[in-house]
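# Examining the three-dimensional arrangement
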Amino acid sequence: MKHAELISKMTLQEKARFCSGKDFWHLVSLPRLDIPEVMVADGPHGLRQQRDKSQKKASGELLGSNPAVCYPTAVTTAASWDPELLYEMGLALGQECLLDGVSVLLGPGVNIKRSPLCGRNFEYFSEDPYLTGQVAASFINGVQSNGVGTSLKHFATNNQEKQRMTIDSVVDERTLREIYLAGFETAVKEAQPWTVMNAYNKLNGGFCAENKWLLNDVLRDEWGFKGLVVTDWGANNKRVDGLKAGQDLEMPTSGAISENAIVKAVQNGGLDESVLDKSVDRILDLIFRAEKVLGKKYEYKKEDFHRLARKIGGQSMVLLKNEDNILPLDKAKSYAVIGEMAKTPRYQGTGSSLINPTKIDCAFDELLDSGINATFSYGYDSRTDVPNARLIAEAVKAAQNADVAIVFIGLTTIYEAEGYDRTHMRLPANHNELVAAVAEANPNTVVVLSGGSPVTMPWLPKVKGLLNAYLGGQTVGGAVADLLTGSVTPSGKLAETYPLALEDVASTTNFPGDRLSVEYREGIYVGYRYFDKAKKDVLFPFGFGLSYTTFEYSGMKISKPKIKDTDELTVSFKIKNTGSVAGAEIAQLYVSDLDSTIFRPEKELKGFKKIFLNPGETADVTLTLNKRSFAYYNVNIHDWHVESGDFAILVGASSKDIRLEGKVHVASTRPEVAVPDYKAAAPDYYSGDAMNIPLAQFEAVLGRSVPKTDYEPGEPLTMVSNFGDAKKTKRGAMVMDAVESAIDAILKGDPNAPMVKASVLEVPFRSMVHMSMGVFTPEMAESVIDIFNGGSLPANLAAILKNLTESAKNVGALLASI
């Protein structure tokens, strides 16, 4: 143990205290042993450092946080397909942490995009675990090169916001390993984040905060994780069980509740003190690693960070349509810039990652500064989705009087946010109607789209240009102007598939599940893996993106025609810029198992390279494949396994645009291992009809019966129940009117109100206790639950209900602040 002497000098109470935060953002210190206090702060696309209570909140300042550079969000940066760029971004964020005395940046988020409806998709990288792992590892290495830690989150299967604090994700082991854990695995093995943040939800029956298989057996014993595990804020369920499972640090503080529970468990023999000591040792290790860079003077210019954010946005945004080469813009022409977002951009998501930017660039001003002759029309009011006939008429008139119309639209803050999921893929009606009207008035229409998730585009055939700006950070306006004018050549490619309709997505029939559980019946068929297997057309495929130049692929060479699965295989080829401007191409390598016993996707991404080329320049690209490039996860041996056979090597510009093909024979070094064969028990997984998997077939792959999906009629509420459950009882329905009114009162005028209210109503009572800062005690919670369950009314009922309402208000205020 690294800090055994220090730990030996601590009392049992002190050790227990160290396993919870001091408050919302600080770890516990111990001056008598010279153990300092360190601070953590939200990320991951900027530093959201909460203001000290003594500091005044500036007029209009977001959530009382200090100004910081808001970089493009993960959905945007993943589309750069550039690990070196992500390292550069992480490096800058780490430097900003040093300036502000922050020791751990809470990010990145690497949950897989199971559905385009997840409200937090903007904060996650991709539908593909390989791409996710590569960019996440680079980001982490960049941040941590400064002596600042990161927190890899949310471990694991936190793929929706609905009932996120209690939902049970029911996932078969193979799907877990190949899709939902693989990105975490790569990030841990290649970057060793200082912390891993466990998710709120359950995984296969157990809360992630106390899941020994997840936190210890897989994360530490198998992957070799060296850091500490911290809860998501309010994710602690049973503190002692969490410690036993490998969960070291509860955040935020729960007062003395968890501390006393740990002490009592040690004293009565329910917890071995050596388990507690291990967690304290990990916490001390983080504190003393952080201390090495604390208190020093650092000089970084935030203006440099601002310029970097613009560069990142320019290399990440995706050009999706460019008919008749309408882009880049011709400065000799006249332009009608239309849409409120051209002046007031949507540049980040809503929730705990909301950054208070140091400045914001708007596209209209940036276009004018670049020499574009343009007028401006609002086109819509972002505070509503109801079309405004007057604003649309003004926009149409402007479009008719211009050579080209550029319409800025997208998902508004109320359409996607942490805390709740979308229910459809539509853009606001006033945005869609505006584009349709403008395109009718001027066929030379370009759309600039903002948002953190795929949307349907009924107007797409009528416009000539489409630039997906995603959520481009505080420099979104400058980056968009750079791309539209051609001072930067588009090079981003989609890190997720844009389906034609929600009904085409495999998870749709099982998203977001029921009250108690969500079944991942589609299994491994997420994103392009499903669309390819099911032979479904899409709006834009995974890996797709256009450029202002063209590229030619040639000369593919595979190092060996036959290998063992323990060998490495190199694949080399040439790329030539055959256009007239400099640009970057993202070459993608996919592997396809040509004849397998177990069901597999048509192809899977196993390598990529982004390369910048001048006109006429040719470059050699070499990518290396290993055992994992060909393996599937075998549940019989609980390990990765290669089945002997032929594999296609596919190189292309997207998952649908394969330019070069080759083949290799891979011989298994474990031919005696039985390959799971589900052809009889689960045939639909072989045909690819993953949207309609019958229960019996899912259970055959799952290896057990599914758990119940909802409470039984009359089933009593527990500490894991929430306000939504209480509302279904007679007494709860009456109480909830007062609670909701109290929440509405504190959130009046807050743009985050829908997110916060949805979150509060789904917070379990045990988290209400832990996050109430002592207002709502465990005893009060038990009394309230007993009342809702039909128990006798206590004499102090009014006081208890007052405290419950006050607790809901406190938690609502806290969620609004974080």
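Placed above this text is the structure.
The rules behind the values
- Residues numbered from 1 in each chain as written.
- Predicted model: local features only at pLDDT ≥ 70, side-chain atom pairs only at ≥ 80, totals over all residues.
- Heavy atoms only, no water.
- Axes fitted to C-alpha atoms, helices over the stretch in contact; angles between N-to-C directions.
- Helix = DSSP H or I, 4+ residues; strand = E, 2+ residues; numbered from the N terminus.
- Parallel < 35°, antiparallel > 145°, perpendicular 65-115°, else oblique.
- Left-handed = near helix turned anticlockwise from the far one by under 90°.
- Contact = heavy atoms within 4.5 Å.
- Nonpolar A, V, L, I, M, F, W, Y, C, P; charged D, E, K, R; others polar.
- Disulfide = S-S within 2.5 Å.
- Buried < 20%, exposed > 50% of the residue type's maximum accessible area, 1.4 Å probe, protein only.
- Phe/Tyr/Trp six-rings, centres within 6.5 Å; stacked < 30°, edge-to-face > 60°.
- Lys NZ or Arg CZ within 6 Å of the ring centre and 35° of its normal.
- Pairing = 2+ DSSP bridges.
- Expected span 1.5 Å × (residues − 1).

With that settled, the discussion passes to the packing of helix α4 (residues 83-100) against helix α12 (residues 302-316). Between α4 and α12, whose axes approach to 11 Å, the crossing angle comes to 155°. As far as their axial angle goes, α12 and α4 are roughly antiparallel. Where α4 crosses over α12, the handedness of that crossing is left-handed. From α4, Leu85, Glu88, Met89, Ala92, Gln95, Glu96, Leu99 and Asp100 reach across to α12, where they touch Lys302, Phe305, Leu308, Lys311, Ile312, Gln315 and Ser316. Across the contact of α4 with α12, the residue classes tally to seven nonpolar, three polar and five charged.

Okay, the state of the cysteines next. All chains considered together, the criterion is met by zero disulfides. Between Cys19, a cysteine without a disulfide, and Cys208, which holds the nearest cysteine sulfur, the sulfur-to-sulfur distance is 20 Å. Under the relative-accessibility criterion, Cys19 is labelled buried at 0%. Cys70 takes part in no disulfide bond, and the closest cysteine sulfur to it belongs to Cys97, at a distance of 14 Å. Among the residues examined, Cys70 registers a relative accessible area of 0% and is labelled buried.

Attention now goes to the packing of aromatic side chains. Going through the model one piece at a time under the given rule, you end up with 26 aromatic pairs. Aromatic pair Phe599 and Tyr685: ring centres 5.0 Å apart, planes at 20°, arrangement stacked. Here the residue Phe599 occupies a position in the loop between β19 (583-593) and β20 (604-613), and Tyr685 occupies one in helix α19 (residues 684-687), the gap between them amounting to 86 residues. One exposure class covers both Phe599 and Tyr685, and it is buried. Taken together, the aromatic side chains of Trp81, Tyr130, Tyr528, Phe542, Tyr590 and Phe608 make up a single cluster linked through ring pairs. Over the aromatic face of Tyr520 sits the side chain of Arg114, whose NZ or CZ is 4.0 Å from the ring centroid.

Right, let's get into the environment of Val720. As for its position among the elements, Val720 is in the loop between α20 (695-702) and α21 (723-726). Look at Val720 and you get partly exposed, because its relative accessible area is 21%. Distance in space between the C-alpha atoms of Val720 and Pro764 is 4.9 Å, their sequence separation being 44 residues. If we skip the residues at most four places from it in the chain, Val720 touches Thr166, Phe207, Asn237, Arg515 and Pro764.

Below, the discussion takes up the sheet that holds strand β21 (residues 618-625). Here three strands make up an open sheet; going across it, the order is β16-β18-β21 and the pairing antiparallel. Strands with a single pairing partner mark the edges of an open sheet, and in this sheet they are β16 (551-558) and β21. With strand direction ignored, the average angle separating the axes of adjacent strands in the sheet is 25°. Here β16 pairs with strand β18 (residues 569-577) via six bridges, running antiparallel. When the bridges of β18 are listed, Lys557 appears paired with Ser572.

The end-to-end C-alpha separation of α12 is 21 Å, in line with the 21 Å expected for 15 residues at 1.5 Å each. Among all positions in α12, only Phe305, His306, Leu308, Ala309, Ile312, Gly313, Gly314, Gln315 and Ser316 are buried. Against the buried residues of α12 lie α3 (74-77), α4, β9 (318-322), α16 (476-485) and β20.

Okay, unusual backbone geometry next. The omega angle of the peptide bond from Phe155 to Ala156 is 5°, so this bond is cis rather than trans. Backbone torsion omega between Leu327 and Pro328 reads 5°, so that peptide bond is classified as cis. Positive phi outside glycine occurs at Trp81, with the angle close to 50°. Residue position: Trp81 is located in the loop between α3 and α4. Taking the relative accessible area as the measure of exposure, Trp81 reaches 0% and is therefore buried.

The mixed open sheet is built from five strands, whose spatial order is β17-β25-β24-β19-β20. Looking at the sheet topology across the chains shown, the edges are occupied by β17 (562-564) and β20. Shown here is a sheet whose adjacent strand axes are inclined to one another by a mean of 30°, direction ignored.

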